[in-house]
Every structure is written in structure tokens, then in C-alpha cells.
Amino acid sequence: MASFTDYLDIKYGNDLTDIQNGKLTSTHVDDLLNQYKDIVLVNLIQQFQLGPIFDAYKSGGNVTTLHNAEKYVFANAQDEERFMQNYSQELRRDLYESGFKQNRKKAFQNNTVIVDDYTGKVLNKDGRAHRDHIVSASEIQQNNAARLYMSDQTRGEMATKEKNLAWTDGSLNQSKGENDLIKWMNKDNKKDSTMTNEEYYNLDQDKVKAKYAEAKQHVDGTIKKERTKYYVKNVTSTGIAQGFAMGQKQAIGLVMYEFQKALMIEMKVYFKKYKTLHTIEEKISEFQQACKNVSAHMISKSKEIFTSFSDGFISGFVGNLITVFINTFATTAKNVVRILNEGIHGLFKAVKILVNPPKGMTREEALLEASKIISVSVITTIGVILTEAFVTYLLTTPFSPFAHLIGGVLGGILTGIVSVTVVYSIDHYVEILAKLKETMNLLVYDLEISAAEIRSDYYSTIESLDEGLQAILQKIYTEYEELHLLTRNAYNTRLSNAELVHNSLKLANKLGVREENIVSTKVDVINFFNN
């Protein structure tokens, strides 16, 4: 089975020769400028133009977790007000003892005997028969989880349930006060330090422990249930809100991009035809046709737009859920929440392509597309954050009236350039690695080969050239000597006619004279002069 690297080598290997030879043609440049403009432009529109409208990221996320509350980080003012509420006697009277007098009077009327739940003794039906919060109102109010997860009314109802109330003597109740029942029972009595409170008030230890266990189970169980309700309610409501905002941002961003793209194409065609249109009716008709074409294009993209909204909604909801989970043990900063949520959106789209790639797309191509989607999402989000920081700086300079305009334009341009460059690098990483490899090889060669070795190779090459030149010159000299000798013998009058004719034939052959043009017999001589 071919690996991902093999796939890239096959797909992009045809261009390696050009890259390795340093031939970065206009085709490569055009490819860089046009590469994946859909991904980059849609992300820029969604983040820079629609982000300020739909993004509502905040430190700690959209739900106040107990960890964040204890760090004084709140998602809303209501949570903060409830959590920061201190215990007071007024709060005790209004919230935790509301209706006590009426309930005691009703109990006296309905019950023949009132028994002390801590001692088993019969109590008089008068003001000395008290209702005690087994888990004290102060302890409930100072419980951070109870204050965060429960409303005032719910805490009050929990505190005054029968499972948390005990009939007891007024002096015992006042002595116990806001103390933990078991700890108070084992302490020395304030009136008689030689005795514990258990001994002083003749407490039935089994009855006290049974009532205490029942009350603690009731309080802890109620807080646990309310915690579940709190997170289900808040995670659901904020998740839907964030999902809807993310879905709108994704869908509207795609609508804006597709609309401007279709409009630019139709207007370009319209203005090319404009000069050929002679009447107002023709111009209006052609313009109407252009509008119809734009409308048809948008209708054809309706499914894609709806899918974009759905993807945005799901990723927004999941992002909110993960943010809440993280904030249960670590407080996230606003920008971390932004990166986390936008990154999850990119990851969701990437996983969607990997799990269900478009028809005709191979697994390797899907992996490549997924990596580009995640990269652009993260880069664009970081670009927004840096742009916000840049705008904040510009607000402190003389350019403050134009801070948002300058920061937005520059941030968008730089983010777009980086996004396109990174995507192009991912898509053409084989060629880039080849060029990098070539550069590294040259660098390694320069580092490994010493100057002395290079100088020695140079002189050796020169010597080999000298030897070749000398051989060529020697061959020319030999040829010249042979021609000189043949020429001299051919015209040497001291030789016989037969010898002269023979030498002349040899010279002609050496000079490359064609056979039919050589005068070699008396007949040839006669014919030559006759002609």
C-alpha cells in the first residue's frame, strides 16, 4: 500500500525538476496566489468581518464553573452576585428561618407530644422548643458549591426540609449555634468545662449521629443533584447560543463570499457587453439577467450554506462543552477560549472530510485537505487575536481615530498572506523539501570541501586541459608537416615526370580532391585543355 509521502511524490513529482533547477515560473506564482482562496477568504470574512458581531468569547467560557468561581471568574453578573453573597443574621432570618414560628405553632397543634431529637426527652410546647438546622444555615451558606449551583430559594428549601431539622431545647440550640453538630457534641461545655456538651445536655449519641448522617446525606445529595441540573441547564442553553452564533457566522460568511464572487463574475460579463447594448431596454434586460444568474448561483449553494450552518452549530456546541470541561480544573483566558472553539470547528470540518470524503477524493487527498482546513482555522484565529492587540496599541497613538480600520485592514491582509502561504506549503511541500534538500546539500558541500582541495582540483583540471591542447597542437603540426612534404615533392622539378605525377596524386588525395577531378593520364590532360 502506498504511503502518504508516496502519494505526494506521485502527485507533485513532475514539478521537481523545475524547482530543483531554480525555475520558479509564473505558473508557480499564479498557483500560490490562487491556491485555496475559498478556504482563506471565507475564513477571513467569518473572523474579521463577522467575528465582532457573533463572537462572544470570555475568560472562563460561557458557564461559571466552581473552579472559576473560586478564582472570582464569572460568566455573568447573576452568578457573581449569588456566589459573593455573605452569611448574615438577616439572611438567616429571611431565608433559612422563614415561616419557623408558624410551623412551630402548627406542630404544637397537630402533635400531642414534641420529643427532643437529640436526647429523646419530651419538650414543653413553648418558646423553649426550638427547630435546629442539623447542618447549620451558616455551613450551607458558606458552601461554595451550594451558592453557585443553587438559587437562594432552593438553598432555603433544602435547609428547612424535615431531614435537616431537629426538635431540641432552646439552650442546647443556642449553645450549638452555627457549629458542626458532631464537633460541637465532643467539645467542652462553655458553662462547665469539666464536661463535654454531650455529657452536659445528656445527648443520645446514637440519635445525634443518626440525625446528623441523615441531614448530611440530604444536603450533600441535594447539592449534587442541583449541580447536575445547573450544568445540564447552563451547558445546554449556552451551547445552543454559541452553536447558533457559530452557525450564523459560518453560513453568513459563506453567503457573503459566494455572493461577491458571483456578482463580480456577472458584472464583469455585463460591462463587457455594455458597449454592444444600444437601448435602455437591452441594458436593463441584460442587468436583470445578471441578477438572475447571481440568484441562481446562490440557490445552487443553498445546501452548502445550510451544511455550513449545521457544521458551525455542532462545532460551537461541542466547543462550548469542551470549554466548560476544561474550566472545571483550569481557568481559560478569553483568547484561549477563542482558539479552542475555532480550532474545534476546524477539527470538526477536517474529521468530517476524513470520515466522509467527497466523491472522487482519495484518502490521501482527504488528509491533505483536512490539514489545510485546521491550519487556516488556527492561523486566522491567531491573526484576529494579534489584530486586536494591534488595535489596542493604536488606540494609544495619534492614529486612534482610525485604529480599528488600520488594524483590521493590516491584520486581514497579513493573516491572508500567512494562510495562503501555509496552505501552499502544505500542498507543495515535496517541491519545497526538494529545494531545501538541494540548498542543504550545497551548504554541506561547502562545509565539507576545503579550499585546498578546491585549489588542487582546479590546478589538476588546468593541467588536463594543457595536455589536451598540447595533443591537439601536435596533431595540427604533424598534419602541416605532411602537407608541406607532399607539396614540395609534387613541385620538385628535379624529379622524373612519373615521380611528379605520383606525388601530385598523393597531394590531391590528401587535400580531399574528388577522384573525377584529378588529372592522372595524358587523356585527362588533353580533355582538361580541350574543355
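Here the structure is shown first, and the text comes after it.
In short, a report on the structure. Just so it is clear, the model here is predicted, and its values are computed rather than measured.

The phi dihedral of tyrosine 72 falls on the positive side, at around 65°, and the residue is not glycine. Note that tyrosine 72 resides in the loop between helix H6 (66-70) and helix H7 (77-83).

Under the defined criterion, the tally for this structure stands at 16 salt bridges. For lysine 261, the salt bridge identified is with glutamate 258, shortest N-O distance 3.5 Å. Here the residue lysine 261 and the residue glutamate 258 both occupy positions in helix H16 (residues 205-274), the gap between them amounting to 3 residues, near one helical turn. Judged by relative accessible area, lysine 261 falls into the partly exposed class, the value being 23%. Between glutamate 286 and lysine 273 there is a salt bridge; the shortest N-O distance is 3.2 Å. Residue glutamate 286 is found in helix H17 (residues 280-300), and its partner lysine 273 is found in helix H16; the two are separated by 13 residues along the sequence. Under the relative-accessibility criterion, glutamate 286 is labelled partly exposed at 22%. Using a relative accessible area of 37% as the deciding quantity, one classes lysine 273 as partly exposed. The network of salt bridges with shared partners includes Arg92, Glu97 and Glu178.

Moving on, we get to the packing of aromatic side chains. Following the criterion strictly, the structure yields 14 aromatic pairs and no others. Summarising the aromatic geometry, the rings of tyrosine 230 and tyrosine 231 are spaced 5.3 Å apart at their centres and angled 80° between planes, so their arrangement reads as edge-to-face. Exposure class is identical for tyrosine 230 and tyrosine 231. Each is buried. Grouped by ring-pair contacts, the aromatic residues Tyr270, Phe271, Tyr274 and Phe287 constitute a single cluster. Over the ring of phenylalanine 83 we find arginine 147; its NZ or CZ atom is 4.5 Å from the centre of that ring.

Moving on, we get to a nonpolar patch on the surface. Residues Leu347, Val351, Leu354, Val355, Leu367 and Ile374 make up a contiguous nonpolar surface patch of about 490 Å² in total accessible area. Here the element with the most residues in the nonpolar patch is helix H19 (residues 334-355); it accounts for 4 residues. Structurally, valine 355 can be placed in helix H19.

Take the pairing of strand E4 (residues 165-169) next. For E4, the tally of buried residues reaches 4 of 5 residues, placing the bulk of the element in the interior. With 5 bridges connecting them, strand E3 (residues 129-133) and E4 associate as antiparallel partners. Paired with aspartate 132 across the bridge in E4 is alanine 166.

Counted at 1.5 Å a residue, the expected span for helix H18 (residues 302-326) with its 25 residues is 36 Å, and the 36 Å between its end C-alpha atoms agrees. Inspection of H18 places Ile305, Ser308, Asp311, Gly312, Ser315, Gly316, Gly319, Asn320, Thr323 and Val324 among the buried residues, and these make up the whole buried set. In this structure, the buried side of H18 is in contact with H16, H17 and H19.

The rules behind these values
Residues numbered from 1 in each chain as written. Predicted model: local features only at pLDDT ≥ 70, side-chain atom pairs only at ≥ 80, totals over all residues. Heavy atoms only, no water. Helix = DSSP H or I, 4+ residues; strand = E, 2+ residues; numbered from the N terminus. Salt bridge = Lys/Arg side-chain N within 4 Å of Asp/Glu carboxyl O. Buried < 20%, exposed > 50% of the residue type's maximum accessible area, 1.4 Å probe, protein only. Phe/Tyr/Trp six-rings, centres within 6.5 Å; stacked < 30°, edge-to-face > 60°. Lys NZ or Arg CZ within 6 Å of the ring centre and 35° of its normal. Patch = residues over 30% accessible without salt bridge, like charges linked within 9 Å, V, L, I, M, F, W, Y side chains within 5 Å. Areas by Shrake-Rupley, 256 points an atom, 1.4 Å probe, with all protein chains shown as cover. Pairing = 2+ DSSP bridges. Expected span 1.5 Å × (residues − 1). Contact = heavy atoms within 4.5 Å.

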